[in-house]
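This is what each chain is made of:
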Amino acid sequence: MNEFLRNLPYYFFFAYSFSLMASYFILAFLALLAIKEYTKTSTIINETFVKGAQDLPSITLVAPAYNEGLTIITNVYSLLSLQYPNYKLIIVNDGSKDDSLQQLINEFKLCSVPSTLKTQLIKAAPIRNVYISINTKFNNLTVIDKENGGRADAINCGIANADTDLILCTDADCIIEQGALLKMVRPYLEELDHEIIACGGAIGIANDAVIRNGTLTEVKLPKKHIARVQVVEYMRSFLIGRMAWGHINSLMLVSGAFGLYPRKRLLEVGGFDKDSIGEDLELCIRLRKHMEELKKPYKVVYIPDTLCWTEAPWSCEVFVSQRDRWSRGLMETLLKHKHLFFNRSYGRMGKIIFPYWVLFEFGAPLVEVIGLLNIVYLISAGELHWQSALLLLTCVYLIGCFYSTVAVLFHVKKYDHYAKASTVIRLLLATYSEPFTVHPIMLYAQIKGMIKKWTGVKSSWGTMTRTGF
Amino acid sequence: MRIITTEGLLFCIGFLCFCITTLWGVLAVILLNKRQQTERQKTLEKNIVRALAKTFDQPKNESAANFVWVKPYLTNNAKLWLLGKVLIKVNNLLHGTKPEAVSSFSDAIGLTAIIKTKLGSTDWFEKVMAIRLSHELGLKQHLPEIALLCAHENTFIRRESQIALVVFLGWQSLVLLSEYNFPISQWQQICIIKKLRKYYPTVDRASIGTAIEANNHNITRLLILIIGHFSMHQYNTYLRKHTNSEEEGISDNAYQSLHKVGYNSFDTWVELCKRNKSTLSKPLPIS
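Cut-offs applied
- Residues numbered from 1 in each chain as written.
- Chains lettered and ligands numbered in written order.
- Predicted model: local features only at pLDDT ≥ 70, side-chain atom pairs only at ≥ 80, totals over all residues.
- Heavy atoms only, no water.
- Helix = DSSP H or I, 4+ residues; strand = E, 2+ residues; numbered from the N terminus.
- Rg over C-alpha atoms; globule rule 2.2 N^0.38 Å.
- Buried < 20%, exposed > 50% of the residue type's maximum accessible area, 1.4 Å probe, protein only.
- Contact = heavy atoms within 4.5 Å.
- Areas by Shrake-Rupley, 256 points an atom, 1.4 Å probe, with all protein chains shown as cover.
- Lys, Arg positive; Asp, Glu negative; His and termini not counted.
- Charge placed at Lys NZ, Arg CZ, Asp CG, Glu CD.
- Phe/Tyr/Trp six-rings, centres within 6.5 Å; stacked < 30°, edge-to-face > 60°.
- Pairing = 2+ DSSP bridges.
- Axes fitted to C-alpha atoms, helices over the stretch in contact; angles between N-to-C directions.
- Parallel < 35°, antiparallel > 145°, perpendicular 65-115°, else oblique.
- Arc of directions from axis to C-beta.
- Buried area = accessible area lost by both parts, 1.4 Å probe.
- Salt bridge = Lys/Arg side-chain N within 4 Å of Asp/Glu carboxyl O.
- Polar contact = N/O pair within 3.5 Å; in protein donor to acceptor, adjacent residues only side chain to side chain.
- pLDDT = per-residue confidence, 0-100.

1. A few points about the overall build of chain A
Right, so step 1: The helix and strand inventory of chain A stands at 13 helices and twelve strands.
Right, so step 2: For chain A, whose C-alpha radius of gyration is 23 Å, the value lies close to the compact-globule estimate of 23 Å for 469 residues.
Right, so step 3: Dimensions along the principal axes, computed over C-alpha positions, put chain A at roughly 80 × 50 × 50 Å.
Right, so step 4: Taken across its 469 residues, chain A has 58% of its residues classed as buried.
Right, so step 5: Look at the contacts in chain A between residues 6 or more apart in sequence, and 79% of them connect residues 24 or more apart.
Right, so step 6: For chain A, the computed accessible surface area is about 20100 Å², with 60% contributed by carbon and sulfur atoms.
Right, so step 7: Within chain A, one finds 49 positive and 42 negative side-chain charges whose respective centroids are separated by 2 Å.

2. A few points about the side chain of Ser276 of chain A
Right, so step 1: Note that Ser276 of chain A resides in the loop between helix H7 (263–269) and helix H8 (279–294).
Right, so step 2: Every residue in contact with Ser276 of chain A, bar those within four places of it in the chain, is listed here: Glu282, Glu332 and Thr333 of chain A.

3. Focus on the packing of aromatic side chains
Right, so step 1: Scanning the model with the defined rule gives 23 aromatic pairs over all chains in all.
Right, so step 2: Ring centres 6.4 Å apart and planes at 45 degrees place the aromatic pair Tyr432 of chain A and Trp24 of chain B in the tilted group. Residue Tyr432 of chain A is located in helix H12 (residues 421–433), and its partner Trp24 of chain B is located in helix H1 (residues 6–55); the two belong to separate chains.
Right, so step 3: Relative accessible area serves as the criterion here: at 41%, Trp24 of chain B is assigned to the partly exposed category.
Right, so step 4: Between Trp81 of chain B and Phe125 of chain B, the aromatic rings sit 6.4 Å apart at their centres with planes inclined by 90 degrees, giving edge-to-face as the arrangement. With Trp81 of chain B in helix H3 (residues 77–94) and Phe125 of chain B in helix H6 (residues 124–136), this pair connects stretches of sequence that are 44 residues apart. Here the two residues Trp81 of chain B and Phe125 of chain B agree in accessibility, since each one is buried.

4. Examining the environment of Asn253 of chain B
Residue and element names in this part refer to chain B.
Right, so step 1: Counting through the fold element by element, Asn253 comes out in helix H14 (residues 250–260).
Right, so step 2: The exposure class assigned to Asn253 is buried, which follows from its relative accessible area of 9%.
Right, so step 3: Taking the C-alpha atoms as reference, Asn253 lies 6.8 Å from Leu225; in sequence the two are 28 residues apart.
Right, so step 4: In this view, Asn253 contacts Arg221, Ile224 and Leu225; residues no more than four positions away in its chain are not counted.

5. Considering the pairing of strand S6 (residues 166–170) of chain A
In the case of a regular strand, side chains alternate between the two sheet surfaces.
Residues and elements named next belong to chain A.
Right, so step 1: Within S6, five of the five residues are buried, which leaves the element mostly enclosed by the surrounding structure.
Right, so step 2: Burial along S6 is two-sided: the residues Leu166, Leu168 and Thr170 and Ile167 and Cys169 are all buried.
Right, so step 3: With four bridges joining them, strand S1 (residues 59–65) and S6 adopt parallel strand pairing. When the sheet's bridge partners are listed, Val62 is paired in S6 with Cys169.

6. Structural notes on the packing of H6 of chain B against helix H8 (residues 155–169) of chain B
All names here are of chain B.
Right, so step 1: Relative orientation of the contacting elements H6 and H8 amounts to 10 degrees, with a least axis distance of 9 Å. On the basis of their axis angle, the class for H6 and H8 is roughly parallel. Residues Trp124, Lys127, Val128, Ile131, Arg132, Ser134 and His135 of H6 form the contact with H8, whose participating residues are Phe156, Ile157, Glu160, Ser161, Ile163, Ala164, Val167 and Phe168.

7. Section: helix H3 (residues 100–108) of chain A
One turn of the α-helix equals 3.6 residues, which is why residues spaced by three or four share an orientation.
All names here are of chain A.
Right, so step 1: Three or more residues of H3 are buried, namely Ser100, Leu101, Leu104, Ile105 and Phe108. End-on, the buried residues of H3 take up no more than an arc of 135 degrees, which puts them together on one face.
Right, so step 2: The inward-facing, buried residues of H3 contact helix H2 (72–80), strand S2 (87–94), strand S3 (110–113), strand S4 (127–133) and strand S5 (141–146).
Right, so step 3: Backbone geometry just after H3 places Lys109 at a positive phi near 50 degrees.

8. With respect to the interface of chain A and chain B
Right, so step 1: Counting from both sides, the interface comprises 51 residues of chain A and, opposite them, 42 residues of chain B.
Right, so step 2: Counting each side, the surface lost to burial between chain A and chain B is near 4200 Å², with a carbon and sulfur contribution of 74%.
Right, so step 3: Looking only at chain A, the three residues that lose the most surface to chain B are Ile44, Asp55 and Leu192 of chain A, adding up to 17% of its buried area.
Right, so step 4: The tally of links from chain A across to chain B stands at two salt bridges.
Right, so step 5: The salt bridge partner of Lys34 of chain B is Asp416 of chain A, with a shortest N-O separation of 2.8 Å.
Right, so step 6: The tally of links from chain A across to chain B stands at nine residue pairs in polar contact (both at pLDDT 80 or more).
Right, so step 7: At the level of elements, helix H1 (2–44), helix H5 (180–190), helix H11 (386–414) and H12 of chain A are the ones that each hand at least two residues to the side of chain A that touches chain B.
Right, so step 8: If you tally residues by element for the side of chain A that touches chain B, the top one is H11 of chain A, at 16 residues.

9. Overview of the pairing of S1 of chain A
Residues and elements named next belong to chain A.
Right, so step 1: With seven of seven residues buried, S1 is to be regarded as a mostly interior element.
Right, so step 2: Burial along S1 is two-sided: the face carrying Ile59, Leu61, Ala63 and Ala65 and the face carrying Thr60, Val62 and Pro64 are both buried.
Right, so step 3: Where S1 meets S2, seven bridges bridge the pair, whose relative direction is parallel. Bridging across to S2, Ala63 finds its partner in Ile91.

10. Considering the sheet that holds strand S11 (residues 258–262) of chain A
All names here are of chain A.
Right, so step 1: If you trace the ten strands from one edge of the open sheet to the other, you get S3-S4-S5-S2-S1-S6-S11-S8-S12-S7, paired in mixed fashion. Each of the sheet's edge strands pairs with one partner strand only, and the pair in question is S3 and strand S7 (175–176).
Right, so step 2: Each of S2, S3, S4 and S5 touches H3; the most contacted strand, S5, lies at about 155 degrees to it.
Right, so step 3: Sheet strands touched by H8: strand S8 (195–205), S11 and strand S12 (298–310). Its angle to S12, the strand with the most contacts, is close to 160 degrees.

11. Re the confidence of the model for chain B
Right, so step 1: Overall, the predicted model of chain B reaches an average pLDDT of 83, with 85% of residues at or above 70.
Right, so step 2: Per-residue pLDDT stays below 50 along residues 277–287 of chain B; that stretch engages in 17 contacts with residues further than four places along the chain or on separate chains.

As structure tokens, then:
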């Protein structure tokens, strides 16, 4: 009995690691099924069939901008050149301190017009001015200049000014693929039995990519190791994780950088929570909760095609700041909705998805740190069985390598972004070195974020330094 | 007490190394295949255009020996869909000049017969692709088989065969569609309108009248959109009736169609106000 109690922590570590690894394998398998199904359905229901159709739902793209002067003009041109017959673009200048607004006024010949809020259901920081272009070429562009209130507040301001069926929330620093809206709108057009409450698309990393006239013409592997590792990380997250969860209608996160929502539902839940750091996750949970309470069949869907490109953090400092924020956002959102934990009233979300997020998405870094501390303790006490420990670490490392290789394989099979053998080899080498290079930094950032949140240390949203496309 | 033995760990490591090496092999094959696939499609497009140019006037006179290059494409499913894709592309380019050129070519190379067998396949994807190829290549002889699939339990098969019905029968298909008891997605509605515009630009009032009289709520939205798209002002009453619909989207579509058929903007606005006072805050539609 004593021995059992003494070994209890090790049983816990073993059970936890085994469950985590098993969940990864299950997710990879589900992702494989989902990709196969998506390939078939996208052949049958191809967006080119509805290109030029007049009856597509209207969409407003809401893109908040804060000090994006370096890339704002290129990105607005990119957002204005999308293939969709019926869309509007609202750029919300969230009290930028740089010359973003002046650049926009000069480039797009903007003139001030009286503000006309379409709804009072969503509140946001005061609007200073609303601009539209006097050039008819840009008649679907609106620029709102408002007091600084954060990203969520800026998007809420855009939603309050939109009057279309659907709203696409993105960032002004994103490059969106030309046919992205046609692909994103597809689930809303084809679904009969469920209401689509959110649709997300994959996000790609555009560091060092070639961009001409606001369009990404050539994807290149980032030169910086930290950004290169994130390429595979995004593949793992989007092509395996989200694809798998989406396949069983259990997706709980649609990225804030690229998500399409019905305006009606956004208004019903009051838009984004402006006080939340992980506002995209929080909104998705609230939307799902809302639909569960309404007892209406719904779906959160995910498109695996890379439809949106963004610049990933390329310096250690910015990377730590981003992951610290994500960690705080996750913890804050999970705490806010803690009543969902194993709550049967909220269906699959309460029974499976939310507990999974708590145990594995939030719990994994904590268990990892405790495990590392335990190893340090065993070494100092001279109790570590070196051979077993090394073998076990090798095993865990290889499982990670296997999982990353599967993600790269899925991507290479489905897309042509990284189709050269040399590129794939460099990508694999980067990801195989991840556990020794980028992962410790990420773990540090995650724990830092958790401690900050736990101790109540005030921290801002953080600044993303960009090099520009 | 050890949870896992050294031998067990060594076995796991060996197994994982094997799996990763296998994945590398699969990756290499995929990369090689991808390179060849692009070349293959280019060659196929070139061959088809060449063969069509030769047989443009009298495809049936062409010797079967001249189509040997196409045989490998008929035996493998993936290659068959590729062949179909290229033929659809060519057919769309030829549309208006000689619509039957590609269907005759399909007969000559034996593709039509293969598509017919695929219509009876148990795999839903094969079935859908066969229906798609039939209507895109104008293989009207497959209509009896396709008509039987219009009430299929699989949504994709049902949708595609209903679209095929529109392509082959035109406006008369609306009468048949009004008899089916399945909802029609917005995607399908858009496709149907697109096909009617492309192949049957002249309205058949008798058919649309019969479809309206059937009073099937599954095609109400489709009919409203069609009336708007083809500016059939004589159906204003039908549209006005549906401006009061409780069903989501129907009333909006009815108003949009009223606007399209040239119903006075001010009248539309007044109708809106009568229905809902809050509409007064909406801007007056511009004609």
